[in-house]
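The residues making up each chain are set out below.
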Amino acid sequence: MIKNYMELVVDHLLPTVLEKYPNICTCDQCMEDIKAMALNHLKPMYVVTQKGNIYAKLNELEAQFKADTLKAITQAVEVVSKNPNHDI
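Worth saying up front: this structure is predicted, and the values here are computed from it rather than measured.

## Let's talk about the nonpolar core
And step 1. Residues Leu14, Ile34, Ile73 and Val77 are the most contacted members of the largest nonpolar core, which totals 24 residues.
And step 2. Mapped by element, the contributors of at least two residues to this core are helix H1 (5-18), helix H2 (28-40) and helix H4 (63-82).
And step 3. Considering each element in turn, this core owes the most residues, 8 residues, to H1.
And step 4. Not counting residues up to four positions away in its chain, the partners in contact with isoleucine 73 are Val10, Leu13, Leu14, Val17, Ile34 and Ala38.

In structure tokens form, the structure reads like this:
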């Protein structure tokens, strides 16, 4: 099965970013909007095999990779929190 490994990375790092924003809406719609926006600003990393999954995990260990991912998530949180896609 083909999978964009970046989805797993964003899901893993999102709670860390959200700790810094205790007052934002965390409804399903806002969380999906944040994930989609962050993923749209990150290079996809598709994996099919276990070997590909291992390669992706090694790439995740790089400091710049993590910094870029956290930056994309943080920017997405900022945008969605200021412009929720629903009535507050």
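## Some thoughts on H4
And step 1. Its 20 residues place the ends of H4 29 Å apart at the C-alpha level, agreeing with the 28 Å of an ideal helix rising 1.5 Å per residue.
And step 2. Within the sequence span of H4, burial applies to Phe65, Thr69, Ala72, Ile73, Ala76, Val77 and Val80. Looking straight down H4, one finds that the buried residues subtend no more than 135 degrees of arc, so they occupy a single side. More than 90 degrees from the buried face of H4, the exposed residues found are Ala63, Gln64, Lys71 and Lys82.

Rules used throughout
- Residues numbered from 1 in each chain as written.
- Predicted model: local features only at pLDDT ≥ 70, side-chain atom pairs only at ≥ 80, totals over all residues.
- Heavy atoms only, no water.
- Core = buried A, V, L, I, M, F, W, Y, C linked by side-chain atoms within 4.5 Å.
- Buried < 20%, exposed > 50% of the residue type's maximum accessible area, 1.4 Å probe, protein only.
- Helix = DSSP H or I, 4+ residues; strand = E, 2+ residues; numbered from the N terminus.
- Contact = heavy atoms within 4.5 Å.
- Expected span 1.5 Å × (residues − 1).
- Arc of directions from axis to C-beta.

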